[in-house]
Amino acid sequence: MSLPTRQRVWTTPPDVTLCPVDSLSDPGARNFVLQIEEAFFHGFLVRHNGQVHGFVDRCPHAGLPLARVLDQYLTPDKQHLVCGWHGALFRPDDGRCVGGPCNGASLTPWPVKVEDGMVVTT
């Protein structure tokens, strides 16, 4: 017996408060799953050099989530995002792949901003 497939969406509505910016290490990353009606959005935030960026949690190479372990999006030196399945490396500021099987491709941005100390979708 197979389990029902959960419908996924690739965008979120604006003005959803996600977390206090201070709850993100710098550098650091954190996973988010948001239920939007009957579907689910999977994304993550990365804080690097004082800036917060959001990305859809989907590798452009094979469509899998980047992290094999919850919130483990950064390389050990915390300079790049890494796909735990294929080893692709991405810049944390713009999601561009700089090494691995999808070199030159990019993660899909998840538009967020910091407002009054909180990270919010835009």
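Overview of the structure. Fair warning: this is a prediction, and the values are worked out from it, not measured in the lab.

Topic: the pattern of salt bridges
Right, so step 1: Within the structure shown, the criterion is met by 2 salt bridges.
Right, so step 2: Across the pair arginine 91 and aspartate 94 runs a salt bridge whose closest N-O atoms are separated by 2.6 Å.
Right, so step 3: By relative accessible area, which is 31% here, arginine 91 ends up partly exposed.
Right, so step 4: The shortest N-O distance in the salt bridge between glutamate 115 and lysine 113 comes to 3.1 Å.

A short note on the pairing of strand E3 (residues 39-48)
Right, so step 1: Within E3, 10 of the 10 residues are buried, which leaves the element mostly enclosed by the surrounding structure.
Right, so step 2: Covered by surrounding structure in E3 are Ala39, Phe41, Gly43, Leu45 and Arg47 together with Phe40, His42, Phe44, Val46 and His48, the residues of both alternating faces.
Right, so step 3: Summarising the sheet, strand E2 (residues 28-36) and E3 pair through 9 bridges and their orientation is antiparallel. Across the sheet, the residue bridging to asparagine 31 is phenylalanine 44, located in E3.
Right, so step 4: Following E3, the chain reverses through 2 residues before pairing antiparallel with strand E4 (residues 51-56); asparagine 49 in that reversal takes a positive phi of roughly 55°.

Considerations on the side chain of threonine 12
Right, so step 1: Checked against the element boundaries, threonine 12 lands in the segment before strand E1 (17-20).
Right, so step 2: At 2.9 Å, the side chain of threonine 12 forms a polar contact with the side chain of tryptophan 110.
Right, so step 3: Other than its neighbours up to four places away in sequence, threonine 12 contacts Leu34, Ile36, Phe41, Trp110 and Thr121.

Describing the environment of proline 13
Right, so step 1: Examined against the element boundaries, proline 13 turns out to sit in the segment before E1.
Right, so step 2: Sequence spacing of proline 13 and isoleucine 36 is 23 residues, and the spatial spacing of their C-alpha atoms is 8.6 Å.
Right, so step 3: Setting aside its immediate chain neighbours within four residues, proline 13 contacts Ile36 and Thr121.

Focus on the nonpolar core
For soluble globular proteins, nonpolar side chains are generally found buried alongside one another.
Right, so step 1: Core analysis: the largest hydrophobic core is formed by 16 residues, its most contacted members being Phe44, Leu66, Tyr73, Leu81, Phe90 and Leu107.
Right, so step 2: Residues in contact with leucine 66, not counting those within four places in the same chain, are Phe44, Asp57, Arg58, Cys59, Tyr73, Leu81, Val82, Cys83, Gly84, Trp85, Phe90 and Leu107.
Right, so step 3: Leu18, Val21, Val56 and Val112 belong to the second-largest nonpolar core, a separate cluster that totals 13 residues.

Section: the sheet that holds strand E6 (residues 89-90)
Right, so step 1: Here we have 3 strands laid out as an open sheet, ordered E5-E6-E7, and antiparallel in their pairing. Pairing within the sheet leaves two strands with one partner each, and these edge strands are strand E5 (81-82) and strand E7 (97-99).
Right, so step 2: The sheet contact formed by E5 and E6 spans 2 bridges and is antiparallel. Across the sheet, residue valine 82 finds its bridge partner in E6, namely leucine 89.

Each value, and the rule that gives it
- Residues numbered from 1 in each chain as written.
- Predicted model: local features only at pLDDT ≥ 70, side-chain atom pairs only at ≥ 80, totals over all residues.
- Heavy atoms only, no water.
- Salt bridge = Lys/Arg side-chain N within 4 Å of Asp/Glu carboxyl O.
- Buried < 20%, exposed > 50% of the residue type's maximum accessible area, 1.4 Å probe, protein only.
- Helix = DSSP H or I, 4+ residues; strand = E, 2+ residues; numbered from the N terminus.
- Pairing = 2+ DSSP bridges.
- Polar contact = N/O pair within 3.5 Å; in protein donor to acceptor, adjacent residues only side chain to side chain.
- Contact = heavy atoms within 4.5 Å.
- Core = buried A, V, L, I, M, F, W, Y, C linked by side-chain atoms within 4.5 Å.

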